[in-house]
Amino acid sequence: DSGVTQTPKHLITATGQRVTLRCSPRSGDLSVYWYQQSLDQGLQFLIQYYNGEERAKGNILERFSAQQFPDLHSELNLSSLELGDSALYFCASSGGSGGAWGDTQYFGPGTRLTVL
Amino acid sequence: GEDVEQSLFLSVREGDSSVINCTYTDSSSTYLYWYKQEPGAGLQLLTYIFSNMDMKQDQRLTVLLNKKDKHLSLRIADTQTGDSAIYFCAETRYNQGGKLIFGQGTELSVKP
């Protein structure tokens, strides 16, 4: 158990809908990262937050947004869902050095999103 | 480019050693990681190495780094059926913050 929790474990929804995925980092970790794992794209970095502020952005679609709250949990919002958004979404957290390049990231169990 | 490359499949017999290979492209200072993903599970950090090191050993795991060829390998000694999983190589780059850049993953199958 990495100490990173994600809810829900599974989510099934229809095209055009909006969903929210939630992540709680390990105790004491200030950085949260979101990744998408799909069969065609593999594991792709989406976005990183550090202590409530956006720190880095990857291949995140404009239909997707995220935030990190004062209690350090994070939410990833996916809207106007398409079939191609079906994937496993992982959250990871790391320690307090600003999400620097040497921080070790610990992953949650993921949320499996199925868009029908 | 951004590519981190891995072979897709490896099959070994129980008790043999497994060697999973990875190549990366960036020559700047970097951390390189190995993660394990079992079916239906998240990514478990196995080990990592900084690019100024050549080797790191941790129980049954040995990581070798060839900086000249930008080649990383993970050796699992005395492979067990419980080692069957997908193994991901990943790197972070000095000028790109903390984001992990992953390879495609190598599916290790251990036969009894």
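Okay, so let's go over this structure. What you see as residue numbers is a count from 1 along each chain, following the sequence as written. Note on labels: chains are lettered from A, ligands numbered from 1, in written order. Residue-level local features of this predicted model are given only where pLDDT is at least 70; pairs of side-chain atoms are given and counted only at 80 or more, and the full residue set underlies all totals for whole chains, interfaces and linings. Side-chain calculation: all heavy atoms of the structure are included, whereas hydrogens and water are not.

1. What to know about the pairing of strand S8 (residues 74-78) of chain A
All names here are of chain A. Our working rule: Only protein chains enter the accessibility calculation, which uses a 1.4 Å probe. A residue is then buried if its area is under 20% of the maximum for its type, exposed if over 50%, and partly exposed in between. Helix and strand definitions here come from DSSP, where helices need a minimum of 4 consecutive H or I residues and strands a minimum of 2 consecutive E residues; each element is numbered from the N-terminal end. Strand pairing requires that DSSP identify at least two bridges connecting the strands.
Burial runs high along S8: five of the five residues are buried. Alternating positions in S8 separate into two faces, Ser74, Leu76 and Leu78 on one and Glu75 and Asn77 on the other, with burial throughout. Here strand S7 (residues 64-68) pairs with S8 via five bridges, running antiparallel. Within S8, the residue paired with Phe64 across the bridge is Leu78.

2. What about the sheet that holds S7 of chain A?
All names here are of chain A. How we decide: Comment: axis = line fitted to C-alpha atoms, over the contacting stretch for helices; angle = value between 0 and 180 degrees taken between N-to-C directions.
Across the sheet, four strands lie side by side as S1-S3-S8-S7; this open sheet has antiparallel pairing. Bordering the open sheet on either side are strand S1 (5-7) and S7, each of which pairs with just one other strand. Across the sheet, the axes of successive neighbouring strands diverge by a mean angle of 15°, strand direction being ignored. Direction of pairing for S1 relative to strand S3 (residues 19-24): antiparallel, over a ladder of three bridges. Within the sheet, the bridge partner assigned to Thr7 lies in S3 and is Arg22.

3. Structural notes on the pattern of salt bridges
Inclusion rule: Salt bridges are counted wherever a side-chain nitrogen of Lys or Arg sits within 4 Å of a carboxyl oxygen of Asp or Glu.
Inspection of the entire model under this criterion finds six salt bridges over all chains. Each of Arg63, Glu82 and Asp85 of chain A takes part in one network of salt bridges that share partners.

4. Here's the deal with unusual backbone geometry
The omega angle of the peptide bond from Thr7 of chain A to Pro8 of chain A is -10°, so this bond is cis rather than trans. Turning to its location among the elements, Pro8 of chain A is positioned in the loop between S1 and strand S2 (10-13). Positive phi, normally seen in glycine, also occurs at Asn51 of chain A, with a value near 50°. Positionally, Asn51 of chain A belongs in the loop between strand S5 (42-50) and strand S6 (53-57). For Gln59 of chain B, which is not glycine, the phi dihedral falls at a positive 55°. Of note, Gln59 of chain B is situated in the loop between strand S6 (55-58) and strand S7 (61-66).

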